[in-house]
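Read off the chains here:
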Amino acid sequence: IFEQVITSGLSKFPDEHTLYTSYIWFLITQERKIELRKVIDLAIEKFPEIPFYYHYSAYNYMIDGFVDEAIEHFRKLLALYDDNESAITLAMLLNETYQYSEADSIFNLLIEKDSSNANILNNFAYFLSCREDASLESLNIALTLSQKSVKLEPGNPLFLDTLGWIYYQLGNINQALLFIDKSNKLEADNPEVITHLGDVVKAIGYHERAQIFYQKA
């Protein structure tokens, strides 16, 4: 009945954007992806100045694995609306697709706006440290960012793991063990932290103990 009311309303008032918004919410709850994509596209075509539609379009594309389309719509969203969460998500997608320059620019702008946001500092540090071709300069930048995030939230296990992993990448195994072990004690069921711990103890020379961590992860 609700869908009939909405579609009837759209046929009578095709320029009423609130009806599109209601219909999108309805289709999301019903998990009807094909119809949802069509309605979002139509809403964007009719109301290109409303950021809401780009928001749901971008996340919808991302969930379905259409990364290029998701990136395009996140860019359009951020051109209309300043949203940290969407900016971080866009930077993550750019990082995953090796578009490092744009990803770094987004993080630098976010830090410029709020240098005390521990989550942004940690995310940028982690992305820098996990790149295959990470230079010593990048790792040192990551270290500074990560140290700031841990100073702001010293009990955050994810931040501690990031800091420990950066120390590992830099070859400082003792510091790596210190922070990753702290992270593991605070969040003992995180597979990534356990794997990192295995890598660190293996680097020290405890190969059998490392295998225990790998199996646990």
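Reference entry: report on the structure contained in this document. Sequence order as written defines residue numbering, which begins from 1 separately in each chain. Local features in a predicted model are, by the rule used here, given only for residues with pLDDT of at least 70; side-chain atom pairs are given and counted only at 80 or more, and totals for whole chains, interfaces and linings are based on all residues. The side-chain values count all of the structure's non-hydrogen atoms but skip hydrogen atoms and water molecules.

Moving on, we get to the overall build of the protein chain. A tally of helices and strands in the protein chain yields 13 helices and 0 strands. The helix count covers DSSP runs of H or I at least four residues long, the strand count covers runs of E at least two residues long, and both are numbered beginning at the N terminus. Each helix (α) and strand (β) of the protein chain, taken in turn from the N terminus, gives the series α-α-α-α-α-α-α-α-α-α-α-α-α. The globule rule puts the C-alpha radius of gyration for 217 residues at 17 Å, and the 22 Å found for the protein chain is more than 25% above it. A principal-axis box enclosing the C-alpha atoms of the protein chain has dimensions of 70 × 35 × 30 Å. Counted over contacts in the protein chain with a minimum sequence separation of 6, partners at least 24 positions apart contribute 42%. Computed with a 1.4 Å probe, the accessible areas rest on the Shrake-Rupley method; for each residue, only the protein chains presented here act as cover. Entry remark: accessible area of the protein chain is about 12000 Å², with carbon and sulfur atoms responsible for 54%. A positive count includes Lys and Arg, and a negative count includes Asp and Glu. His and the chain ends are not counted in either. All charge positions are set by atom: Lys at NZ, Arg at CZ, Asp at CG, Glu at CD. For the protein chain, the centre of its 17 positive side-chain charges and the centre of its 31 negative side-chain charges are spaced 3 Å apart. Values of the radius of gyration come from C-alpha atoms, whereas the globule rule sets the reference at 2.2 Å times the count of residues to the power 0.38. Here a residue-residue contact requires only that any non-hydrogen atoms of the pair lie within 4.5 Å.

With that settled, consider the side chain of T89. Structurally, T89 is set in helix α6 (residues 84–96). By relative accessible area, T89 is classed as buried at 10%. In contact with T89, other than residues within four places in its own chain, are Y59, M62 and F74. Throughout this description, buried means an accessible area under 20% of the type-specific maximum (1.4 Å probe, protein chains only), exposed means over 50%, and partly exposed covers the range between.

Turning our eyes to something else, we now look at the packing of helix α10 (residues 157–169) against helix α11 (residues 173–186). Any two packed helices are characterised by the angle at which their axes cross and by the distance between the axes. Two elements in contact, α10 and α11, have axes whose closest approach is 7 Å; the angle formed by their N-to-C orientations is 160°. It follows from the interaxial angle that α10 and α11 lie roughly antiparallel. Two packed elements cross with a definite hand, and for α10 against α11 that hand is left-handed. Between α10 and α11, the residues in contact are P157, L160, D161, L163, G164, W165, Y167 and Y168 and I173, Q175, A176, F179, I180, K182, S183 and L186, respectively. Its residues placed into classes, the contact of α10 with α11 shows 11 nonpolar, 3 polar and 2 charged. In this analysis an axis means a line fitted to C-alpha atoms, helices contributing only their contacting stretch, and an angle means the value between N-to-C directions, from 0 to 180 degrees. By definition in this entry, angles of less than 35 degrees are roughly parallel, angles greater than 145 are roughly antiparallel, angles of 65 to 115 are roughly perpendicular, and the rest are oblique. In this scheme the crossing of two helices becomes right-handed for a clockwise turn of the near helix relative to the far one and left-handed for an anticlockwise turn of less than a right angle. Amino acid classes used here: Ala, Val, Leu, Ile, Met, Phe, Trp, Tyr, Cys and Pro are nonpolar; Asp, Glu, Lys and Arg are charged; the rest, including Gly, are polar.

Once that is clear, we can look at the nonpolar core. A general trend in soluble globular proteins is that nonpolar side chains are found buried together. Grouping buried Ala, Val, Leu, Ile, Met, Phe, Trp, Tyr and Cys residues that are joined through side-chain atoms within 4.5 Å yields what is termed a nonpolar core. By size, the foremost hydrophobic cluster in this structure holds 63 residues, and its most contacted members are Y53, F74 and F107. For this core, the element with the highest residue contribution is helix α8 (residues 118–129), accounting for 7 residues. Residues in contact with F107, not counting those within four places in the same chain, are I88, A91, I120, N123, F124 and F127.

By definition, a salt bridge exists where a carboxyl oxygen of Asp or Glu is found within 4 Å of a side-chain nitrogen of Lys or Arg. Inspection of every chain in the model, using the stated rule, returns 10 salt bridges. With a closest N to O distance of 3.1 Å, D64 and K33 form a salt bridge. Pair noted here: D64 is in the loop between α4 (51–63) and α5 (67–80) and K33 is in helix α3 (residues 33–46), with a separation of 31 residues, a long-range link. Judged by its relative accessible area of 30%, D64 is partly exposed. Among the residues examined, K33 registers a relative accessible area of 48% and is labelled partly exposed. For R37, the salt bridge is made with D41, and the minimal N-O distance between the two is 3.1 Å. Of this pair, R37 and D41 both sit in helix α3, 4 residues apart, which is roughly one turn of that helix. In this structure R37 comes out as buried when scored by relative accessible area, which is 14%.

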